[in-house]
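Notes for the structure review
If you want the building blocks of each chain, they are given just below.
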Amino acid sequence: MPATNRSTLAAFDADRVRRVVQETVSGPLYAFCEYDTESFRPLYIDDRTISMYDSREAMLEHFERIHTNVHMDFMQSKLFRNTLFPEAERVEYITTSMDFLKILRVYVGDDGLFISIDPDEPVVPIVDAIKETLEWPPNQNS
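Here the structure, examined in full by the defined rule, presents six salt bridges. Here Asp73 ties to Arg105 by a salt bridge, and the two come within 2.7 Å at their closest N and O atoms. Of this pair, Asp73 sits in helix α4 (residues 72-84) while Arg105 sits in strand β5 (residues 102-108); the two residues are 32 residues apart in sequence, bridging distant segments of the chain. The pair formed by Asp73 and Arg105 is uniform in burial state, with each residue classed as buried.

Rendered as C-alpha cells:
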C-alpha cells in the first residue's frame, strides 16, 4: 500500500496538486514531495519505491540525503533568474533524467515539488496540469 501524508509545508494546496499529477501521468508516480529550503515532506510514495528500502528509516534517511542537496535548487533558480537570464520572470521547473528514473522539481514561489516518475514520462503535460491547478506567483526575481 502506498504511503501518503497531508501537506503541511507549501503555501498552496499541494494535496490537490498531487491528485492532479497522479491523474496526469501515464506511467507510475514513484514519489511526490513538497519542500522548501528548510524542510522536505513526502506526500506520496508508491509501493515500488517503498520496496527498494530495507526499512522505513532507511528510506527516510535517503530522502533526507536528497533534501540536503535539493535546497540548492532555489539557489540555482535565483542564479538563472537574477544573473544569467534577468529577463526571465521565473524558473518553473528543472528535470533530471537517469536510466531508471526521472525527477521533476517544480517551483511555485518559495516552495518546491519533487516528483519522481518513469524516465519515459513526458514532463510538459505534468507541468501544464500543475499550472492549470495553481495560480502561478507573479515575477519571482528578487
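Turning next to the packing of aromatic side chains. For the structure shown, the criterion picks out five aromatic pairs. With 5.9 Å between their ring centres and 70° between their planes, Phe40 and Phe114 make a pair best called edge-to-face. Remark: Phe114 occurs in strand β6 (residues 111-117) and Phe40 occurs in strand β3 (residues 40-45); sequence separation between them is 74 residues. Ring pairing ties together the aromatic residues Tyr35, Phe40, Tyr53, Phe63 and Phe114, which thus form one cluster.

Each value, and the rule that gives it
Residues numbered from 1 in each chain as written. Predicted model: local features only at pLDDT ≥ 70, side-chain atom pairs only at ≥ 80, totals over all residues. Heavy atoms only, no water. Salt bridge = Lys/Arg side-chain N within 4 Å of Asp/Glu carboxyl O. Helix = DSSP H or I, 4+ residues; strand = E, 2+ residues; numbered from the N terminus. Buried < 20%, exposed > 50% of the residue type's maximum accessible area, 1.4 Å probe, protein only. Phe/Tyr/Trp six-rings, centres within 6.5 Å; stacked < 30°, edge-to-face > 60°.

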